[in-house]
Amino acid sequence: MTTPGPDETLTCSARGCRAPATFQLRWHNPRLHAPDRRKTWLACPAHRTSLGDFLDARGFLREVVPLPGSPTLES
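All of these numbers come straight from a predicted model, not from anything done at the bench.

Definitions and limits used
- Positions within a chain are numbered from 1, following the residues in the order the chain's sequence is written.
- pLDDT decides what is reported in this predicted model: residues at 70 or higher carry local features, side-chain atom pairs at 80 or more are listed and counted, and totals for whole chains, interfaces and linings draw on all residues regardless.
- Side-chain descriptors were evaluated using all non-hydrogen atoms of the structure, hydrogens and water having been removed beforehand.
- Aromatic pairing here means that ring centres of Phe, Tyr or Trp (its six-membered ring) are within 6.5 Å. Orientation follows from the plane angle: under 30 degrees is stacked, over 60 is edge-to-face, and everything else is tilted.
- Think of it as a cone above the ring: NZ of Lys or CZ of Arg counts as a charge over the ring if it is within 6 Å of the ring centre and within 35 degrees of the ring normal.
- The cut-offs for exposure are 20% and 50% of the maximum accessible area for each residue type, with area from a 1.4 Å probe on protein chains only; residues under the lower value are buried, those over the upper are exposed, and the others partly exposed.
- Think of it this way: any DSSP run of H or I at least four residues long counts as a helix, any run of E at least two long counts as a strand, and we number them from the N terminus.
- Arc definition: directions from the helix axis to the C-beta atoms.
- We call two residues contacting when some pair of their heavy atoms lies within 4.5 Å.
- By salt bridge we mean one thing: a side-chain nitrogen of Lys or Arg within 4 Å of a carboxyl oxygen of Asp or Glu.
- Put simply, buried Ala, Val, Leu, Ile, Met, Phe, Trp, Tyr and Cys residues joined by side-chain atoms within 4.5 Å make one nonpolar core.

Q: Explain the packing of aromatic side chains here, please?
A: Aromatic rings in a pair are described by how distant their centres are and how their planes are angled relative to each other. Per the stated rule, a full pass over the model turns up three aromatic pairs. Counting every residue linked through ring pairs, the aromatic cluster contains Trp-27, Trp-41, Phe-54 and Phe-60. One Lys or Arg, Arg-58, reaches over the ring of Phe-54 and ends 3.6 Å from the middle of that ring.

Q: What is the right way to look at helix H1 (residues 48-57) in this model?
A: For an α-helix, 3.6 residues make a turn, and residues three or four places apart therefore share a direction. Restricting attention to buried positions, one finds in H1 the residues Leu-51, Gly-52 and Leu-55. Axial view of H1: buried residues confined to an arc of 100°, hence all on one face. Against strand S1 (23-27), strand S2 (39-43) and strand S3 (61-66) lie the buried residues of H1. Positive backbone phi, approximately 75°, marks Gly-59, located one or two places after H1.

Q: Would you mind going over the pattern of salt bridges with me for this structure?
A: It is possible for side chains bearing opposite charge to pair when their charged atoms get close. In this structure the tally under the stated criterion is one salt bridge. Across the salt bridge formed by Glu-63 and Arg-26, the nearest N and O atoms sit 3.1 Å from each other. On the criterion of sequence distance, the pair formed by Glu-63 in strand S3 and Arg-26 in strand S1 is long-range, its members being 37 residues apart. Arg-26 gets classed as partly exposed once you look at its relative accessible area, which sits at 24%.

Q: Could you clarify how one ought to interpret the nonpolar core in this entry?
A: Grouped together as the largest cluster of nonpolar side chains are 12 residues: Cys-12, Ala-14, Cys-17, Phe-23, Leu-25, Trp-27, Ala-43, Cys-44, Leu-51, Leu-55, Phe-60 and Leu-61. Those elements that place two or more of their residues in this core are S1 and H1. Here the element with the most residues in this core is S1; it accounts for three residues. Discounting chain neighbours no more than four positions away, the residues touching Ala-14 are His-47 and Leu-51.

Here it is in structure tokens:
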């Protein structure tokens, strides 16, 4: 994941969603990735659960954390 520029907003990874991301869903597919590797999907509040459920059902979800700079860090 790259850090956005000053005029760039990171958006949700859900198909068709253009909402600003506030969460990072860090995941890992043990059949494809080294044990310490994490891939990241971004999620808005509306898609945090559905994206997390999709990854969790496959045993891929490792953690969900607030996206740095998002309002979720203050709650």
